[in-house]
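Secondary and tertiary structure notes
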Amino acid sequence: MGKVLFVSAGPGSADLITVRGARALADAEVVLYDALADAELRSYAPHARWVNVGKRGFEHSAKQSEINALLVETARQHGVVVRLKGGDASVFGRLEEELIALAEAGLDCEVIPGVTAALAAAAQAQRPLTRRGRGRTVSLSTAMTEAGQLRAANTADTEVFYMAGRQLPELATLLQRAGWPADTPALVVSHAGRPDALSSEHLVAQLAEAAAQHAERPTIVVVGAGGSPLCSNPAPGKPERAA
Ligand code: SAH
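Below is a short write-up of the structure. No experiment lies behind these values; they were computed from the predicted model shown. (Residues numbered from 1 in each chain as written. Predicted model: local features only at pLDDT ≥ 70, side-chain atom pairs only at ≥ 80, totals over all residues. Heavy atoms only, no water.)

1. Section: the sheet that holds strand 4 (residues 80–85)
Spatially, five strands are ordered 3-2-4-1-5 in an open sheet, and the strand pairing comes out parallel. Each edge of the sheet is formed by a strand with only one pairing partner; in this case those strands are strand 3 (49–52) and strand 5 (108–112). Pairwise comparison of adjacent strand axes, ignoring direction, gives a mean angle of 20 degrees for this sheet. Two elements, strand 2 (residues 30–33) and strand 3, share four bridges in a ladder whose sense is parallel. Bridge pairing links Tyr33 to Asn52 in strand 3. Here helix 1 (residues 19–27) sits on the sheet and contacts strand 1 (3–8), strand 2, strand 3, strand 4 and strand 5; the angle it forms with strand 5, its principal contact strand, is near 140 degrees. (Pairing = 2+ DSSP bridges. Helix = DSSP H or I, 4+ residues; strand = E, 2+ residues; numbered from the N terminus. Axes fitted to C-alpha atoms, helices over the stretch in contact; angles between N-to-C directions. Contact = heavy atoms within 4.5 Å.)

Okay, here's the thing in structure tokens:
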């Protein structure tokens, strides 16, 4: 009976994995991965068998149930199995289904945290997600619902949207409908943490202008306090609060 280590790979570049994650890869006999943004990650587990379970690895888009079954089967046959996931495994990574499958099979596992895309985007653009006095709350949202519908929210000072890259014009409309003023700052970052990262600053009403620049790249949209330019003095009418 083996153990499954869920390893968070970080946002793309191999060196953004954690030391603990890299050590887990070094111990792995098998690595199940979805898509590798940086082939250099393979050098952390050169002797392991690398199995692509992502869209490009299967004839058709792999169903989550097939991945769960493969994970259980592989763990039963090997000592240390790494399930490698992009960004942080606990954020929009279908981790729940895989944890349940392992628990039901009575298999042991561990989750190793990592750098999620929202944090990589903030670092890339040098736009902190929290701001003293203005940005006390941060929300991570997927822009797409399970049924494939676009949703926008206005629940936190800083709202970070995953999976919105293809729908920026529609997101602009929905954000305003959700109550964000048209002139709210919005930051768009694609390939955050990678050598070819791009970031651009917009207003919510003009988010569509970012579409061409970030087309076909994994993209994060940050709206509100964390998406705004650096500011040493709080804006008039927004008195400093203890943060
Ligand atoms: N578990 C991952 C998220 C997977 S969902 C994490 O924690 O980051 C996939 C979405 O993540 C993409 O549609 C995109 O919105 C975002 N994403 C992943 N890598 C990214 C990167 N390097 N730069 C910007 N966005 C990224």
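From this point on, the discussion continues.
2. Let's talk about the site of the ligand
Taken together, 17 residues lie around the ligand, and Asp88, Val91, Thr116, Met163 and Thr219 are the ones closest in. The contact in question runs from an oxygen atom of the ligand to an N or O atom on the side chain of Thr116, over 2.6 Å. Ala192 has a polar backbone atom sitting 2.9 Å from a nitrogen atom of the ligand. The fraction of the free accessible surface of the ligand (540 Å²) that becomes covered by protein chains is 85%. Counting contributing residues, the shell around the ligand receives three or more from each of domain 1 (3–112) and domain 2 (117–227). (Near = heavy atom within 4 Å. Polar contact = N/O pair within 3.5 Å; in protein donor to acceptor, adjacent residues only side chain to side chain. Areas by Shrake-Rupley, 256 points an atom, 1.4 Å probe, with all protein chains shown as cover. Domains from an automatic or database assignment.)

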